[in-house]
Amino acid sequence: MKNELKKANSIREYIINTRRELHKHPEPAFKEKWTHDFIEKQLKNLGYKPKTLNKTGLTADIGKGKNRIALRADMDALPIEEENSLPHKSQNKGYMHACGHDTHMAMLLGAAKLLSEEKNPPPVRFIFQPSEEKIPGGAKGMIEEGALKGISEIYAIHIEPESEVGTLILKSGVMLAAADEMTITIKGKGAHAAEPHKSIDPIYASSLFINQTQSLVSRKADPKSPFVISICTINGGTAFNIIPEEVKMLGTVRTVEKELWQKAPEWIGDILKGLNISSGIDYELIYQRGYPILKNDPKKSESLIKIAKSIFKEINLMESPIMGGEDFAYYLKEVPGTFVFMGGANKKKGIQSKLHTARFNIDENALPLGTALFYSLATK
Ligand code: NI
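Figured I'd write up the structure that's included with this text. Remember, predicted model here, so these are calculated numbers, not experimental data.

## Digging into the overall build of the chain
Of the regular secondary structure elements, the chain holds 10 helices and 16 strands. Relative to the globule expectation of 21 Å for 380 residues, the C-alpha radius of gyration of the chain, 23 Å, shows essentially globular dimensions. Dimensions along the principal axes, computed over C-alpha positions, put the chain at roughly 80 × 40 × 40 Å. In the chain, which comprises 380 residues, the proportion classed as buried is 54%. A fraction of 79% describes how many contacts in the chain between residues 6 or more apart in sequence connect residues 24 or more apart. If you sum the accessible surface of the chain, you get close to 17500 Å²; carbon and sulfur atoms cover 50% of it. Taken together, the 52 basic and 46 acidic charged side chains of the chain have centroids lying 6 Å from each other.

## Describing the packing of helix H8 (residues 298-308) against helix H10 (residues 367-379)
Packing of H8 against H10 brings their axes to within 10 Å, and their N-to-C directions diverge by 120°. Taken as axis vectors, H8 and H10 run oblique relative to one another. The crossing of H8 and H10 is right-handed. Of the residues in H10, those touching H8 at Leu 304, Ile 307 and Ala 308 are Leu 373, Ser 376 and Leu 377.

## Things to note about the coordination of the nickel ion
On the protein side, the nickel ion has Cys 99 (SG), His 101 (NE2) and His 158 (NE2) as donor atoms, found 2.2 to 2.3 Å from it. Counting residues between consecutive donors of the nickel ion along the chain gives the motif C-x1-H-x56-H. Of this pair, Cys 99 sits in the loop between strand S3 (68-74) and helix H4 (101-116) while His 158 sits in strand S5 (residues 151-164), and the two are 59 residues apart along the sequence. Relative accessible area serves as the criterion here: at 6%, Cys 99 is assigned to the buried category.

## Thoughts on helix H6 (residues 202-219)
Look at H6: 25 Å from first C-alpha to last across 18 residues, which is about the 26 Å you get at 1.5 Å a residue. What H6 keeps buried is the set Pro 202, Ala 205, Ser 206, Phe 209, Thr 213 and Leu 216. Buried residues in H6, looked at end-on, bunch into an arc of 100°, giving them a common side. Away from its buried face, by an angle of more than 90 degrees, H6 presents the exposed residues Tyr 204, Asn 211 and Arg 219. For H6, the N-terminal cap is Asp 201; the gap from its side-chain oxygen to the backbone nitrogen of Ile 203 is 2.8 Å.

## Focus: the sheet that holds strand S13 (residues 282-291)
Ordered by their spatial adjacency, four strands build an open sheet running S10-S12-S8-S13, and the pairing between neighbours is antiparallel. Each of the sheet's edge strands pairs with one partner strand only, and the pair in question is strand S10 (227-235) and S13. The mean angle between the axes of side-by-side strands here comes to 15°, regardless of whether they run parallel or antiparallel. Here eight bridges tie strand S8 (residues 178-187) to S13, and the two strands are oriented antiparallel to one another. Bridge pairing links Glu 181 to Gln 288 in S13. Packing against the sheet, H6 makes contact with S8, S10 and strand S12 (246-255), and its axis sits at approximately 165° to S10.

## With respect to the pairing of S8
With respect to burial, S8 is a largely interior element, seven of its 10 residues being buried. Where S8 lies against S12, 10 bridges are found, and the strand directions are antiparallel. Looking at the pairing, Ile 186 lines up with Val 247 of S12.

About the cut-offs
- Residues numbered from 1 in each chain as written.
- Predicted model: local features only at pLDDT ≥ 70, side-chain atom pairs only at ≥ 80, totals over all residues.
- Heavy atoms only, no water.
- Helix = DSSP H or I, 4+ residues; strand = E, 2+ residues; numbered from the N terminus.
- Rg over C-alpha atoms; globule rule 2.2 N^0.38 Å.
- Buried < 20%, exposed > 50% of the residue type's maximum accessible area, 1.4 Å probe, protein only.
- Contact = heavy atoms within 4.5 Å.
- Areas by Shrake-Rupley, 256 points an atom, 1.4 Å probe, with all protein chains shown as cover.
- Lys, Arg positive; Asp, Glu negative; His and termini not counted.
- Charge placed at Lys NZ, Arg CZ, Asp CG, Glu CD.
- Axes fitted to C-alpha atoms, helices over the stretch in contact; angles between N-to-C directions.
- Parallel < 35°, antiparallel > 145°, perpendicular 65-115°, else oblique.
- Left-handed = near helix turned anticlockwise from the far one by under 90°.
- Donors = N, O, S within 2.8 Å, 3.2 Å for Na, K, Ca; no water.
- Expected span 1.5 Å × (residues − 1).
- Arc of directions from axis to C-beta.
- Polar contact = N/O pair within 3.5 Å; in protein donor to acceptor, adjacent residues only side chain to side chain.
- Pairing = 2+ DSSP bridges.

Have a look at this one:
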């Protein structure tokens, strides 16, 4: 077994207990007060001088010299009621670490502990970032407040509860999509259902709108380029015989192609303009840019893979990007680095789940592997 993994395993209990403590106390985006104080205390106990950034975020430095490397963990939980019956189950009603950010913080604190025990630690910055789940995200604010000042490279690990422990998953270059959000209100004119000619029917117009968004996917995007438009809520009307005044929809637009990303709001707007002419509806489109396309630096990915080979049993190189988004993309726009997924499932033990679900669960044997990877990246 490689030395780094041995080291991480020697503090296995610390990492797991830290994760359980964090799991018990999930807090949503920018409300990570307990979490902030807990991490601050841990870092101080390890001899660090943590700084508070971007409301509830923290950074802490160790070591001296050029080429300081940054390691990042996100801190926020989700508004999900936990359905697991574990001893460390969420104690905050209605909230849960269902995206595994508790594991990210624990793995990073593990690396901070190992490095604090070094005689001559390399220059490293630990970044604990609030609000990854909620646009506009916490990364941007962390960068604006100086989290990347003096940093030459950056890395982050995300747990992935569908793949087995010991698996590392990544893609060199573009790995995750840009993910935008839109709110569409279609305003019509209400009438009795028996007299549709006296209405401007927003429900019928909404159905045309949804159909036409899919024509953007099939006719505007190169068939080889992923382009996702999903309308995920649609609300309007109160009864079976009343044509309502208004319909409201929420949806997301995702792509890894810059040109599609740039043009999407205009195309969506054009469909609505067309419906204004043909159906007489009025509309409001609130198009909110989400996180940018996440692009891993090929050289940093290559060197990470070399390091990871002695820690992980299996390294899966993704063939194509996935349409999820991550605000780690903002850091990668500023400095080179790499974002990876790490398996957390154990099918033999019956542990396998999905991110963002009430039964999200992982095999904690994964955690020392993440700490070993963070530590190896810092000491490479
Ligand atoms: Ni996440």
